[in-house]
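What follows is the residue order along each chain.
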Amino acid sequence: MADAIVAEGLAKRYGQVQALAGLSLSVPQGTVLGVLGPTGAGKTTTVRILATLLRPDRGRGFVNGIDVVAEPEHARRQLGVSAQQTAVDGFLTGFEQLELLGRLHRLGRRRARSRAEELLERLHLAEAGSRAVRTYPLAMRRRLDLAAALVAAPPVLLLDEPTRGLDPRGRLGMWDVLTERVRAGCTLLLCTAQLDEADQLADEIVVIDRGRVIAGGTPEELKRRIGGERIQVVLGNRAETQVVEDILNRVCGGQAAVLPDQHLVQAPVTGGAQALVELVRRLDAAGIEPVDIGIHRASLDDMFLKLTGQAATPTVAEEEART
Amino acid sequence: MSELGAMLAGSAVLARRNLRRAWRLPGLLLLAAGQPVAVALFLGYVIGPVLAVTGYRDFLLPGVSTQAVAFAGGLVAVGLAADRRRGALDRLRALPISRWSVLFGHVGANLGAQLAALATAVATGLVTGWRIDAGPGRALAGFALLLAFGQAVAWVSVVLGLAARTAQGARRLGLVWTYPFVLVSCAFLPTGELPGWLRPIAEWNPVSVVATALRELWHGGAFPARELALALVWIVGLLVAAVPTAYRLLARGPRPGAGA
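**Some words on the overall build of chain A**
Inference 1: The helix and strand tally for chain A stands at 12 helices and 14 strands.
Inference 2: Projected onto its principal axes, the C-alpha positions of chain A cover 75 × 45 × 40 Å.
Inference 3: Here chain A holds 323 residues, and the buried ones make up 51% of them.
Inference 4: Surface exposure of chain A reaches about 15,000 Å², of which carbon and sulfur atoms provide 48%.
Inference 5: Taking the average location of the 40 positive side-chain charges in chain A and that of its 41 negative ones, the two points are 7 Å from each other.

In C-alpha cells, the structure reads:
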C-alpha cells in the first residue's frame, strides 16, 4: 500500500531548542498513525511542517507523494489540518465559519452552503449552527474545528491533540467522528499525549521524545513491551494475602506479587476483563471480600519510564531549558 | 477561474469576514470613528483659541483628517493580531489559497475603518462651520490622497503585525507606530511652534507632507503640484517597501513559539 504521509529525517531548531532531531515516519493510505509523546516532544512541530506552515531545517515531508517543502501549494490541496488551538472565529456562527471556508476552497456559494449544513449535521452541531461560535463549549469548538478541516473532503488529515481538554463524553464523541472518517478512506496523523486515545484509534503508534522516534509498532506490540495491564486487589485483611496470591497466580498464570504495605496483590494479565470475572468468582468462592479490585492499565508515564528510563513529564529545569 | 480571479475572489471573501468582525465587535470601529471627533473638538475649542494662528480651523481639519486615516490604518494590526493569537492565521495559511488574499482581506476590510474615521472627521468639521474652499475636483483629489495614505499606513502596520514576536506585540506595535509621526508633525500645529532641532524631522515626516498637500488642495491657491508629488513619493515608497515584505513575512509565518 502506498504511504499517504511520509516524513524523512525532519530536523528543526528554535534558537537553543532542538525541536526535531531527525524524525521519520510513514503512514500507509487509509490508516491511522498515532504520534504519542509528552508536551515538547515535537508533535506540533511535526504537524506544522507537514501542514506546510513551517519549513524544516533538514529532512523532507510528503503528502500523497507531494513534497511539502518544494510544492506547498499542491500539498495543501491534499490536507485538512486541525491544530491544538481551536482556530475558529468566535464572531461568526458555526454555519458562517464553514461556509466561509467552503468559499475559500472555491466550492461556490450554493455548494459551500450545502457542505456547511452537511458537516454541521454530521458533527452533531446542527442545532448550534446559527449561534455565534464564542458561545460554544470547548467540545463543540473542537468538533467545529474538525469540521473546518473537513470542508474540502481532504484525503489526508493532520490532527494535533484533537481531544485535549475535553471531558470523557466529548472525547468519545470525537473518537466516533474520527473513526468514521477513517472508514471513509481518510489517512490520519493523530498526535496525542494520551495512550488510550492512540490505543483506541491508531493502527500503528510511534512514540516520540526530544524530537525523534524512540519506539514504534502496533498498539498491542507496544503494550506488550511495556507490560500492558495488571490486575490489582486491595485487601482489608492482611491475613488473606497468601490465599489471594494463590488465586491470582492461577487466574493470571503466575507472576503475582504482594505489596504488603499497601495491602495489595497484583499480577500482569492479558485479556483483563475475562480474567477479572474469573478472579471475582474465585474470590467469592473463597469467601474473601476485597476493599478494591480492578484493572490497572499502563499509562503514557509508565511507557516513558520503561522506554527512556525517565518520566514523561519534564522536570521544571528541563522545561526551562526548553523555553 | 484564472489565478488572479481566484486571488481576488478569496480576498473578497476574507474582506467580508473581517468586516463582519468589525461590525459584530464594534469597539474598534467606534474608536476609529470617535477618535477624530474628540481630537477635532479638543483642538478646535480648547487649544485653538489660545493659539495665535489665523485661520486655524482650515489648518486643523486637513490635519485631523490625515491623522484620522493614519489612526484607522493602524487598526488593521488588531484584527491581524487576533488571527495570529487564535490560530486563524495558520488555518488560512494551510488552505490552498493565495497568501495575497489573506493580506488583501485584512487591508481591504480596513478601508471600512478608514472611511468611518474620515467621515466623522469631515462631519465634525462641517458641523463646526468648516468648509472646503476648493472646487469638487480638488476636494475629491484630497480624499483620494487621504485614502491612499491610509492604505500605505495599513500595509506598514501589517508588516509590523507579522514581524512582531508575539500576537500581543503585533497588536501594540502595529497600532502605535504612527503616534510619534502624528505628534511630531504639522498635523495639529504649525512646525514653527516646535523646537528648532525637531523642525526638519517634522517637515519631512509623511504625516506632515500629506497634511500640507491636503491643506493646499482644499484651501490653497495654485494647484500644489510639488506638495502633492512629495506626498505621492512617500505613499508609493511606503507601499513598495511594505507590500512585498508583508507577503514574505506571511509566507514564512509569524515567529515560531509565538502562537499562544
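**A look at the sheet that holds strand 4 (residues 58-63) of chain A**
Whether parallel or antiparallel, the strands of a sheet pair through hydrogen bonds between backbone atoms.
Residue and element names in this part refer to chain A.
Inference 1: The four strands lie next to each other as 2-1-4-5, forming an open sheet whose pairing is antiparallel. Unpaired on one side and paired on the other, strand 2 (17-28) and strand 5 (66-67) mark the two borders of the sheet.
Inference 2: Two elements, strand 1 (residues 3-14) and strand 2, share nine bridges in a ladder whose sense is antiparallel. Residue A7 lies in a different strand from strand 2, and its bridge partner there is L25.

**Comments concerning the side chain of A:K43**
Residues and elements named next belong to chain A.
Inference 1: Relative to the helices and strands, K43 is located in helix 1 (residues 43-50).
Inference 2: For K43, the side chain forms a polar contact with the main-chain oxygen of G37, separated by 2.6 Å.
Inference 3: Residues within four places of K43 in sequence aside, it is in contact with V35, G37, P38, D160, E161, C191, T192, A193 and I208.

**Points about the interface of chain B and chain A**
Inference 1: Contacts between the two partners involve 27 residues from chain B and, on the opposite side, 28 residues from chain A.
Inference 2: Viewed at the interface, chain A and chain B are joined by five salt bridges.
Inference 3: Linking B:R20 and A:E96 is a salt bridge whose minimum nitrogen-to-oxygen distance equals 3.6 Å.
Inference 4: Where chain B meets chain A, there are nine residue pairs in polar contact (both at pLDDT 80 or more).
Inference 5: Every element with two or more residues in the side of chain B that touches chain A is listed here: helix 1 (3-24), helix 4 (76-86) and helix 5 (88-93) of chain B.
Inference 6: For the side of chain B that touches chain A, the element with the highest residue contribution is helix 1 of chain B, accounting for eight residues.

**Re helix 1 of chain A**
Inference 1: The element helix 1 of chain A is extensively covered by neighbouring structure, given that seven of its eight residues are classed as buried.
Inference 2: Positive backbone phi, approximately 70 degrees, marks A:T52, located one or two places after helix 1 of chain A.

**Observations concerning the domain arrangement of chain A**
Inference 1: For chain A, the assigned domains are domain 1 (3-222) and domain 2 (229-296).
Inference 2: Between the C-alpha centres of domain 1 of chain A and domain 2 of chain A the distance comes to 41 Å.

**Things to note about helix 4 of chain B**
Residue and element names in this part refer to chain B.
Inference 1: Counting buried positions along helix 4 gives nine out of 11 residues, so the element sits mostly inside the fold.
Inference 2: Residues of helix 4 that are buried: V76, A77, V78, G79, L80, A81, A82, D83 and R84.
Inference 3: Directly beyond the C-terminal end of helix 4, a positive phi value near 85 degrees is found at G87.

**Structural notes on the pattern of salt bridges**
Residues and elements named next belong to chain A.
Inference 1: Across all of its chains, the model carries 21 salt bridges over all chains by this definition.
Inference 2: A salt bridge links E99 to R113, with the shortest nitrogen-to-oxygen separation between them at 2.9 Å. Highlighted residues: E99 in helix 3 (residues 94-104) and R113 in helix 4 (residues 109-122), separated in sequence by 14 residues.
Inference 3: We classify E99 as buried; its relative accessible area is 7%.

**Examining the packing of aromatic side chains**
Residue and element names in this part refer to chain B.
Inference 1: Evaluated as defined, the whole model comprises eight aromatic pairs over all chains.
Inference 2: Pairing Y56 with F59 gives two aromatic rings, centres 6.1 Å apart and planes at 20 degrees, and the pair type is stacked. A residue pair is termed a helical-turn pair when its members lie 3 or 4 positions apart in one helix, as Y56 and F59 do in helix 3 (residues 56-74) at three residues.
Inference 3: We classify Y56 as buried; its relative accessible area is 8%.
Inference 4: For F59, a relative accessible area of 15% translates into the label buried.
Inference 5: Seen from their ring centres, W177 and F181 are 5.6 Å apart, and the 75 degrees between their planes marks the pair as edge-to-face.
Inference 6: A residue is classified by how much of its surface remains accessible, and W177, at 17% relative accessible area, is buried.
Inference 7: Classification of F181 as partly exposed rests on a relative accessible area of 33%.
Inference 8: Members of the aromatic cluster, connected to one another through ring pairs, are W100, F104, W155 and Y247.
Inference 9: Over the ring of F59 we find R215; its NZ or CZ atom is 3.5 Å from the centre of that ring.

Calculation criteria
- Residues numbered from 1 in each chain as written.
- Chains lettered and ligands numbered in written order.
- Predicted model: local features only at pLDDT ≥ 70, side-chain atom pairs only at ≥ 80, totals over all residues.
- Heavy atoms only, no water.
- Helix = DSSP H or I, 4+ residues; strand = E, 2+ residues; numbered from the N terminus.
- Buried < 20%, exposed > 50% of the residue type's maximum accessible area, 1.4 Å probe, protein only.
- Areas by Shrake-Rupley, 256 points an atom, 1.4 Å probe, with all protein chains shown as cover.
- Lys, Arg positive; Asp, Glu negative; His and termini not counted.
- Charge placed at Lys NZ, Arg CZ, Asp CG, Glu CD.
- Pairing = 2+ DSSP bridges.
- Polar contact = N/O pair within 3.5 Å; in protein donor to acceptor, adjacent residues only side chain to side chain.
- Contact = heavy atoms within 4.5 Å.
- Salt bridge = Lys/Arg side-chain N within 4 Å of Asp/Glu carboxyl O.
- Domains from an automatic or database assignment.
- Phe/Tyr/Trp six-rings, centres within 6.5 Å; stacked < 30°, edge-to-face > 60°.
- Lys NZ or Arg CZ within 6 Å of the ring centre and 35° of its normal.

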